[in-house]
Amino acid sequence: MASAGPLLCLLAVALLAGARGEAPAPGADHKGPSLASGCGSPRSPSPGTAGGGEKEPAAALAMGAPLGKLRLSSGPNLRRRARGRGLSATARARVDGEPGAPVTVRSPPAGAAPTEGPAAAARVAAQPSPTPEGWEDASEWTSWFNVDHPGGDGDFESLAAIRFYYGPARVCPRPLALEARTTDWALPAAVGERVHASPARGFWCLNREQPRGRRCSNYHVRFRCPLEPEWGAWGPWGPCSGSCGLGRRLRSRSCPAPAGEACPGPAQEAHPCALPPCPGCSPDACGCPDHVLLGSVLSAAGRPLPGARVSLGARPGAVATSDARGTFRVPGVCAGGRANVSAQLDGFSAGRARAAANGSASAVVTIVLEKLGKPYLVKHPESQVREAGQNVTFCCKASGSPTPSKYWWFHNGTLLDRRQLGYGARLELRGLRADQAGGYHCKAWSEAGAVRSRSAQLTVLAPGQPACDPQPREHLIRLPDGCGEPGGDGGPAHLDVGRCADSPCPGPAGAGCGAASSRCCSVSRLEARRVRCAGFELPVQVVARCGCRACPAPRGLVRGRVLAADSGEPLRFARILVGREPAGFTSAHGAFTLEAPASTERLVVTFVDAGGEFVDAVRVLPFDARGAGVYHEVQALRRAPAVLLDARRGHRLALGGQQGRAPLGELVLPPGAFRRADGRPYAGPVEARVTFVDPRDLASAAAAPSDLRFVDADGELAPLRTYGMFAVDLRAPGAAEQLHAGPAAVRLAAEHVRMAGHAEALRLWSLEPATGLWEEEAAGRGGGAGARRRRREERAFLVGHVQLRERRLFNLDVPERRRCFVKVRAYATDKFAPGEQVRGVVVTLVNLEPAPGFSANPRAWGRFDSAVTGPDGACLPAFCDAERPDAYTALVTASLGGEELEPAPSRPGPRPDVVGVPEPYLGRLGYRRTDHDDPAAKRNGFRVNLARPRPGEPGEARGPLYPWRALRQCQEAPVTDAHFRFARVEADRFEFDVVPFREDAPASWTRHRLAWWPNPQEFRACFLKVRLRGPQEYVVRAHSAGGTHPDTRGRLYGLRDARSVRDPGRPGVSAACLEFKCGGMLVDRRRPDRTRVTVTPQGSCRRVAVNALLRDYLGRHAPPAAAAEPDDDPAAFAMLAPLDPLGHNYGVYTVTDQSPRLAKEIAIGRCFDGSSDGFSREMRADAGVAVTFQCLEPPARPSLFQRLLEAPASALADIRRDVGAAARAPPLPAGSPPSRGDQ
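Everything numeric in this text was worked out from a predicted model, so none of it was measured.

**Q** Can you walk me through the overall build of the protein in this structure?
**A** The helix and strand inventory of the protein stands at 15 helices and 77 strands. Burial analysis of the protein (1239 residues in total) assigns 53% to the buried set. The contacts of the protein with a sequence gap of at least 6 include a subset with a gap of at least 24, amounting to 71%. Carbon and sulfur atoms make up 52% of the accessible area of the protein, which totals about 53,600 Å².

Rendered as structure tokens:
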């Protein structure tokens, strides 16, 4: 199923091997081999047709509502289909009783009889769909699985195949429910596809059952599983066994699980103990002179381990050392004595085993050593809100090799008393007091090191203190042109619609292991207002009161694409690993969608190319844990061409040297260094590929692996500075087996190490792909202080040795102590209004190494970091220096859904009020936008000196740079403090919603029929592409109002304005991507509404063409009798929004996502590109257009001076007429807004 991938080295050096996986073709009702028994013939994935196809979708039995629910429409035909599909009578009753009501796909209880239908392996019980918090049983969702790509007969996500490819432990034995969505997060009902689902069997979609001309989309699924029961507390240790010598003590614990269920792990634990020595001598101590002990020391993978120190239980010190084959020999050990033998080796945990007799005079033993793996956190403590007197529980869980056994808890940095509180991985505080509020974190320890968790905040409310302020805070929204707030001075203006504080509410007193609160401060009451505008009144709902209510659980959603760094081609069907766990495949266009597991601090993802053409891409993808979606473009490195080596000779492989540069270093392989995976020597020809990431090339930072962090001795994350990275792939010609080699020496040219102290501190590190953290290589240590002093005089000095055998990346790095944080915020416009901050923006900072003398001209990059903006921006780690402002410089960029944001300008000189940094600190930082010296350059970033704030300087104490220990101060800094700024380029877009909703704050959603987004769990964005032929760019407005629903007919949902963008390849043609409210169910989920959409361009424009497919669709889906036909105004385009997700051939672009902003950004990218699955920021005005307008250039009106010269009498008559009309006009009533001409 898998083949060994190449060996990767990161110079700050990294080694990684990729695994190749194929998508299976399992499924019920599918011709061909079945994977029900755990095996089958894998088949190559082939791309399928994505949602939003060319033809009109038809209504069918389809999945709907939240994942795992079937949306069934009423009608006799569908009732017949329901009976034919084997649905239970309860399901049919739901179909007959409430048309369109959702039902949940759940497994039958144990022992239940199957219902009617040919496939009666599991019953589909129909009942009202629970909310995410409404599951009565203690259960949780698994991660998402995708084992099949649509092709051939359809898309099959069978449970047997998922267990086969992902491992049997990933899904519980009896799932409670199943959810399915397309990889674009659309429900099957939304794309009009007929599908089948069963929690016991899985999910399948058959191409032959779809409407004509349509094929199944690519689906991924997840399952609802009952939570594993938890063990009770361990009992006391029992007495030591035996009467003398060595023995053991036991302790046990009980499992309070119901009958038939079991807790994971052992019920009993043993620990060695010692009693007074027994009389006489033991076989270990006295021995048998004519006997011999033969043994071997192996790794967990079965590889021989030379150099291991072997000792016997009763003899002090080492009695033998394993040889090159991992074997050892100890004479004098009694064959029948069952001696206890232990072994130790640097970099491995100690192992022990008991010898067994192999004859009358010999015994054998095999000792397996586990490689030491730095501990890492798999569960962090969660912030909590409690009332005084309640209890709270914080949980922390770490993993590693060996598994950490000791935990410490800290409160505001002070170690808590373990004996007093009795904590381990769980910290329970009872009867809370006010002084116990603050930050809590844990630290886990094993013999491989320690790791520190993130800090969780505990808020303790006094009796009677509200967790949620009932009075809304200020939140200004921009009104359309010509509108003003009542009593104001006219428009355009802003209106305070209010917002509730972004704060959690107290959870239930008996809440378990510190789960995040499901209650938060949100809107409890709205009030209707009307705003006077020029010629009409604008309805709007404002927040009147806030309160604690159930809020949707936040989901850290990450979407993106994987592209080749050199050509931009997509990485198709690449295998995706999250940590160590398989998480699916990229699509045919290189796209991926991931949901960060709960309590994830670092989302470590590996993309493995199925064809082996690219180096495995290990990335730490920033995400927003509060729920805002994030978009990433991942660049993959293509492997370097192969070089043929002779395994019997020594070789020097250059590191770097591309593009005319001198090599940065070299990898030295001694003669006879190559071995097969089982340890046997290899003496034939070798194909070697060395793929190098050169930090002298600034563009290579985007393709560098991980995020250059390691865990220091205190268990905290610390940054590294790299001097280059490379990947090594060694194979026999024409063979798939990867060869091992070593020890290989890594040497670095001294001329490239210019920073003071770096030559002495340079180390060899390796990347742990599961955690994305770098670990210092044992083979790279040593050399002594004298050897390091000599490095400055050598032309090329030795950094360390490495064994080229494991699937790791290696790195030559320097731990840097001069560190700080940089504060960055993103805004919707270049006005930088505090209320217009944008969440979900990916900000990237690349540290640049200056040339000698600390000039501002960088010669290489040293590290990179990315962060996602939240409600208070983002804080990015960086290297900085307080003495020399230009000792370190940085390049900072920002993007949102593929759109590049622009920083504040710096020409002709940076302005403190625009950049966001006061003088004289701004002068020390040397702020320069990328177009400062060349106006034609891109304006997508800025460079700045990283001048660390100096103590005692009040102008540098409040940002934008903060000391390394002041991270919390940086994160909680008010918007009035100094920070760097980015703004969205597309500032000509205007959005107004009658019911206010902050797209970056899911808790601000309000249940209201006029809400633009009717479902807070999923967001469906719809766009129409409008082409305009004319000499300029035009603003186009979309007016969305109720169309067919009796409760909203004619009532405004919202307005959208967008300025058209010119097509660079077609002069005189531009196009606009205009959002409208999608048709579909409202919040009551009872009946759909086809939104009445009216598109009106600004200026003298006439509609000249409508997309033929769209016109045909609208003609065949006429409005019901109660709804009027849209007006046929030639200066506008009106329609009733389709309920089906039409594709680009109709000029309509629909994307469903768990993040509204991300859904809109992806839809806009497809609209610009004119396709249903592409992405572009360059407008293609002739592709995928819905409606076309011809716009005339308005005739130029001559100036008054010119009119007086050409026709003085006529000009004077016009002036007298205008003055007289103004004098006769009645005065404006008090409080009325002035007209546009009065502004």
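**Q** Hey, could you run me through the nonpolar core in this one?
**A** Core analysis: the largest hydrophobic core is formed by 67 residues, its most contacted members being Leu 667, Phe 674, Leu 730, Leu 946, Leu 961 and Phe 980. The greatest single-element share of this core, amounting to five residues, is contributed by strand 54 (residues 819–827). In contact with Phe 980, not counting residues within four places along its chain, are Val 822, Lys 823, Val 824, Arg 825, Val 915, Val 917, Leu 925, Tyr 927, Phe 942, Val 944, Pro 960 and Leu 961. By size, the runner-up hydrophobic cluster in this structure holds 51 residues, among which are Leu 1010, Trp 1013, Phe 1019 and Phe 1168.

**Q** Would you mind going over the sheet that holds strand 40 (residues 617–620) with me for this structure?
**A** Through backbone hydrogen bonds, the strands of a sheet pair up, either in parallel or in antiparallel fashion. Spatial strand order, 37-36-39-40: four strands in an open sheet with antiparallel pairing. Edge strands, defined here as strands with exactly one partner in the open sheet, are strand 37 (581–585) and strand 40. Adjacent strand axes in the sheet meet at a mean angle of 25° when their direction is disregarded.

**Q** How should I be thinking about unusual backbone geometry in this particular structure?
**A** Keep in mind that most residues, glycine aside, have a negative phi and that most peptide bonds are trans. Of the consecutive residues Ser 401 and Pro 402, the connecting peptide bond is found in the cis state with omega at 0°. In this fold, Pro 402 is placed in the loop between strand 24 (397–401) and strand 25 (406–411). For the bond from Glu 919 to Pro 920, the omega torsion is 5°, close enough to zero to count as cis. Locating Pro 920 in the fold gives a position in the loop between helix 9 (912–915) and helix 10 (921–925). One non-glycine residue with positive phi stands out, namely Ser 706, at about 55°. Structurally, Ser 706 can be placed in the loop between strand 46 (685–693) and strand 47 (709–711). Under the relative-accessibility criterion, Ser 706 is labelled buried at 4%. Although it is not a glycine, Leu 708 adopts a positive phi angle of roughly 55°. Along the polypeptide, Leu 708 turns up in the loop between strand 46 and strand 47. The class for Leu 708 is buried, based on a relative accessible area of 0%.

**Q** Explain the pattern of salt bridges here, please?
**A** Side-chain pairs of opposite charge can arise where the charged atoms are in close proximity. The full count for this structure, using the stated rule, is 52 salt bridges. Between Asp 865 and Arg 709 there is a salt bridge; the shortest N-O distance is 3.3 Å. Taken as a pair, Asp 865 in strand 56 (residues 858–868) and Arg 709 in strand 47 lie far apart in primary sequence, 156 residues in all. Like Asp 865, the residue Arg 709 is buried in the burial classification.

**Q** Explanation requested: the sheet that holds strand 75 (residues 1133–1136) in the structure shown.
**A** Ordered by their spatial adjacency, five strands build an open sheet running 65-68-67-73-75, and the pairing between neighbours is antiparallel. Looking at which strands have only one partner, the edges of the open sheet turn out to be strand 65 (990–993) and strand 75. This sheet shows a mean twist of 10° between the axes of neighbouring strands, independent of strand direction. Sheet topology note: the strand 67 (residues 1035–1041)/strand 73 (residues 1092–1097) ladder contains six bridges and is antiparallel. Bridge pairing in strand 73 links Ala 1041 to Arg 1092.

**Q** Just checking my understanding: could you explain helix 13 (residues 1156–1169) for this structure?
**A** Since one α-helical turn is 3.6 residues long, residues separated by three or four positions face the same way. For helix 13, spanning 14 residues, the distance from its first C-alpha to its last is 20 Å, which sits close to the expected 20 Å at 1.5 Å a residue. Burial analysis of helix 13 places 14 of its 14 residues in the buried class, which makes it a mostly covered element. In the segment just after helix 13, Gly 1170 is the residue with positive phi, at about 75°.

**Q** Is there a simple way to explain the state of the cysteines in this structure?
**A** Under the defined criterion, the tally for this structure stands at eleven disulfides. The disulfide bridge from Cys 505 ends at Cys 548, spanning 2.1 Å between sulfur atoms. For the disulfide bridge between Cys 505 and Cys 548, the dihedral angle about the S-S bond is near -85°, and by the sign convention the bridge is left-handed. A residue pair is termed long-range when its members are at least 10 positions apart, and Cys 505 in the loop between strand 32 (494–496) and strand 33 (519–533) and Cys 548 in strand 34 (residues 536–550) qualify at 43 residues.

**Q** I would appreciate a short explanation of the packing of aromatic side chains in the present structure.
**A** The way to describe two aromatic rings as a pair is by their centre distance and the angle between their planes. Counted according to the given criterion, the structure contains 17 aromatic pairs. Taking the centre distance of 4.9 Å and the plane angle of 40° together, the rings of Phe 942 and Phe 980 count as tilted. Placement of the pair is Phe 942 in strand 62 (residues 941–945) and Phe 980 in strand 64 (residues 980–983), with a sequence separation of 38 residues. You can call Phe 942 buried: its relative accessible area is 0%. The buried category is assigned to Phe 980, whose relative accessible area is 0%. Centroid distance Trp 1013 to Phe 1019: 5.5 Å. Interplanar angle 80°. Geometry classified as edge-to-face. For the pair formed by Trp 1013 and Phe 1019, the shared burial category is buried. What links up through ring pairs into an aromatic cluster is the set Tyr 927, Phe 942, Phe 980 and Phe 982. Against the face of Phe 348 rests Lys 371, its NZ or CZ located 5.3 Å from the ring centre. A cation over an aromatic ring shows up here: Arg 721 above the ring of Tyr 723, its NZ or CZ 3.9 Å from the ring centre.

**Q** Can you walk me through the side chain of Arg 863 in this structure?
**A** Among the secondary structure elements, Arg 863 is positioned in strand 56. Residues in contact with Arg 863, not counting those within four places in the same chain, are Asp 707, Leu 708, Arg 709, Pro 719, Leu 720, Leu 845, Val 846, Asn 847 and Phe 879.

**Q** Would you explain the environment of Ala 363 in this entry?
**A** With respect to the element layout, Ala 363 can be found in strand 20 (residues 362–369). Apart from the residues lying within four places of it in its own chain, the contact partners of Ala 363 are Val 292, Leu 293, Leu 294, Ala 335, Ala 355, Ala 356, Ala 357 and Asn 358.

**Q** Would you mind showing me how to read helix 3 (residues 159–166) here?
**A** Residues Leu 159, Ala 161, Ile 162, Tyr 165 and Tyr 166 constitute the buried set of helix 3. Buried residues in helix 3, looked at end-on, bunch into an arc of 160°, giving them a common side. After helix 3 finishes, the residue Gly 167 shows a positive phi value of roughly 105°.

**Q** Explanation requested: the confidence of the model for the protein in the structure shown.
**A** Interpretation of the predicted coordinates at a detailed level should be avoided for regions scoring low in pLDDT. For the protein, per-residue confidence averages 77 on the pLDDT scale, and 78% of positions sit at 70 or higher. Between residues 1–104, whose pLDDT stays under 50, and residues either more than four places distant or in other chains, the model counts 362 contacts. Of the regions scoring below 50 in pLDDT, residues 853–857 engages in nine contacts with residues more than four places distant in sequence or in other chains.

**Q** Explain the side chain of Thr 829 here, please?
**A** Turning to its location among the elements, Thr 829 is positioned in the loop between strand 54 and strand 55 (842–850). Within the local environment of Thr 829, its side chain forms a polar contact with the side chain of Glu 836, the two groups lying 3.0 Å apart.

**Q** Got a minute to help me understand the environment of Arg 251 in this structure?
**A** Within the secondary structure, Arg 251 sits in strand 11 (residues 246–252). In sequence terms Arg 251 and Ala 267 are 16 residues apart; their C-alpha atoms lie 8.6 Å from each other. Sequence-distant contacts of Arg 251, that is, excluding residues within four places in its chain, are made with Trp 234, Gly 235, Pro 236, Trp 237, Ala 267, Gln 268 and Glu 269. At 2.7 Å, the side chain of Arg 251 forms a polar contact with the side chain of Glu 269.

Parameters and conventions
Residues numbered from 1 in each chain as written. Predicted model: local features only at pLDDT ≥ 70, side-chain atom pairs only at ≥ 80, totals over all residues. Heavy atoms only, no water. Helix = DSSP H or I, 4+ residues; strand = E, 2+ residues; numbered from the N terminus. Buried < 20%, exposed > 50% of the residue type's maximum accessible area, 1.4 Å probe, protein only. Contact = heavy atoms within 4.5 Å. Areas by Shrake-Rupley, 256 points an atom, 1.4 Å probe, with all protein chains shown as cover. Core = buried A, V, L, I, M, F, W, Y, C linked by side-chain atoms within 4.5 Å. Pairing = 2+ DSSP bridges. Axes fitted to C-alpha atoms, helices over the stretch in contact; angles between N-to-C directions. Salt bridge = Lys/Arg side-chain N within 4 Å of Asp/Glu carboxyl O. Expected span 1.5 Å × (residues − 1). Disulfide = S-S within 2.5 Å. Phe/Tyr/Trp six-rings, centres within 6.5 Å; stacked < 30°, edge-to-face > 60°. Lys NZ or Arg CZ within 6 Å of the ring centre and 35° of its normal. Arc of directions from axis to C-beta. pLDDT = per-residue confidence, 0-100. Polar contact = N/O pair within 3.5 Å; in protein donor to acceptor, adjacent residues only side chain to side chain.

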